[in-house]
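Structural description and commentary
Okay, here's what each chain looks like letter by letter:
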Amino acid sequence: MQGPTHGTKELLARLVAFDTTSHKSNIEIQRFIEDYLAQHGVTCELIASEDGAKVNLFATIGPGDRPGVALSGHTDVVPVTGQAWDSDPFHMIEKDGLLYGRGTTDMKGFLACVLAAVPDFNRRNLKTPIHLAFSYDEEIGCVGVRPMIARLGKTLPKPRMVFVGEPTSMTVVDAHKGPVRWQVTVSGRAAHSSMAPLGVNAIHYASAIIGELKRIEQDLKTTTRDDRFDPPYATLQVTEIDGGTASNIVPVTCAIGFEIRATPGLDVDAIEARLQDFVSEDCLPEMRTIAPEADIDIRTSNRVPPFGADRSSEVVTLAMKLAGHNSTHAVSYATEAGLFQDGGAPSVVCGPGDIAQAHTANEWIAISELEKCSAFLKRLADWAET
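Think of each chain on its own: its residues are numbered from 1, step by step along the sequence as written. Under the rules for a predicted model, residues below a pLDDT of 70 receive no local features and side-chain atom pairs below 80 are neither given nor counted, while totals for whole chains, interfaces and linings still include all residues. Here the side-chain values reflect all heavy atoms present in the structure, with hydrogen atoms and water set aside.

Attention shifts here to helix H6 (residues 268-290). Spanning 23 residues, H6 covers 33 Å between terminal C-alpha atoms, matching the ideal 33 Å at 1.5 Å per step. Working definition for bend: take the seven residues up to and ending at a residue and the seven starting at it, fit an axis to each, and measure the angle between the axes. Strands here mean DSSP runs of E at least two residues long; helices mean DSSP runs of H or I at least four residues long; both are numbered from the N terminus. At Leu284, H6 is bent by approximately 45°, the largest bend along its length, and proline Pro285 sits one to four residues beyond. For H6, the N-terminal cap is Asp267; the gap from its side-chain oxygen to the backbone nitrogen of Asp269 is 3.3 Å. The span one expects for a helix is its residue count, reduced by one, times 1.5 Å. Nitrogen and oxygen atoms within 3.5 Å of one another constitute a polar contact, given that in protein one can donate a hydrogen and the other can accept it, and given that sequence-neighbouring residues count only through two side-chain atoms.

Spelled out as structure tokens, the structure:
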């Protein structure tokens, strides 16, 4: 490990060694980061989840009396279960200029670059502070960052702008889709299958709902056209279905999960209202002629807002300058950028690594990507001194 990335690679190896799969605690990795920052004279605040099993970390380098630039990243990773790895996913290895390990790309590579830059940040006479905002449970719907964002401008400083370091190959992303997920529970009435008319078949009505979702999906393809995205429209898909107990019983319940990857500006509430109207007008009256207790419950299980930045905003302009690019891009995956923006902190997405490597077996990041990110952060520090 020679050259300017030595410290970054060493830190990345340490971060990868923590198994921070989302269903596990991230306290150990955050304590490691807290101790590392303390060694460099930086204090931080740990913000615990309600059950105390996980924590966010927020730190400020530079003057504390003014808003700064936040570097946002998540500490959790997706599971390796069922994936065929050629090496221990939680022991980073280097081969042919690539660093292999779970989270190297998504997104501990960015965290390592930020931590490696801390000594340089500390040496600077920063006029604009640099904040670190490291969260938990991003992979299950940007869950952990929300209580931290709720404290911005209250017990935590509200950043002037936010750079979210998700893997973009160090290009500047100013728009992304937002996943919204629902759970639908259909409750009918059980009966012996030989006396089917005495029951209300929950699976039958669930299939009718799926048919309506299919019609909504087709409409989205024409009403949400935006060629910056791939695919160039908001998508809808049924992701889960579970119902029935036995082949000789009229199914009493059926559960459906579906999601929309919303484009910026899509009225998601109007889509839910359309589905509620369909249920109220086309399903429940018929169901309740037989079973007055029949019901259909539609609930939002998670909502990450789509993200769209003003291309002329300070954060986008600065990100392009620091990255050395004169254009921006839109992506279909989601980040916490929309949540920060809704919380009053203008945001942009720019980080090392190729998103195609995220969540895969033998996940890797190129050392050259870490070098580009480190150079970006050095230029950020130059700017923050002026």
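Further remarks concern the packing of helix H2 (residues 27-39) against helix H3 (residues 104-123). Helix axes use the C-alpha atoms of the stretch in contact, all axes being lines fitted to C-alpha atoms, and the angles between their N-to-C directions lie in the range 0 to 180 degrees. Direction vectors running N to C along H2 and H3 enclose 20°, while the axes themselves pass 11 Å from each other. Taken together, the axis directions place H2 and H3 in an arrangement best described as roughly parallel. Seen from above, H2 lies across H3 with right-handed handedness. From H2, Ile29, Ile33, Tyr36 and Leu37 reach across to H3, where they touch Lys108, Leu115, Ala116, Val118 and Pro119. Nonpolar residues are Ala, Val, Leu, Ile, Met, Phe, Trp, Tyr, Cys and Pro. Charged residues are Asp, Glu, Lys and Arg, and all others, Gly as well, are polar. For the contact of H2 with H3, the per-class residue count stands at 8 nonpolar, no polar and 1 charged. Note that the term roughly parallel is reserved for angles under 35 degrees, roughly antiparallel for angles over 145, roughly perpendicular for angles of 65 to 115, and oblique for everything else. Rotating anticlockwise by less than a right angle from the far helix to the near helix defines a left-handed crossing, while the corresponding clockwise rotation defines a right-handed one. Should any heavy atoms of two residues lie within 4.5 Å, those residues are considered in contact.

Take a side-chain nitrogen of Lys or Arg and a carboxyl oxygen of Asp or Glu: if they are within 4 Å of each other, that pair is a salt bridge. Going through the model one piece at a time under the given rule, you end up with 27 salt bridges. For Lys9, the salt bridge goes to Glu94, with nearest N and O atoms at 3.3 Å. Of this pair, Lys9 sits in helix H1 (residues 6-16) while Glu94 sits in strand E4 (residues 93-95), and the two are 85 residues apart along the sequence. For each residue, the accessible area found with a 1.4 Å probe, counting protein chains only, is set against the maximum for its type, and the residue is called buried under 20%, exposed over 50%, and partly exposed in between. The class for Lys9 is buried, based on a relative accessible area of 4%. Here the salt bridges do not stand alone but share partners, grouping Asp120, Arg123, Arg124, Lys378, Asp382 and Glu385 into one network.

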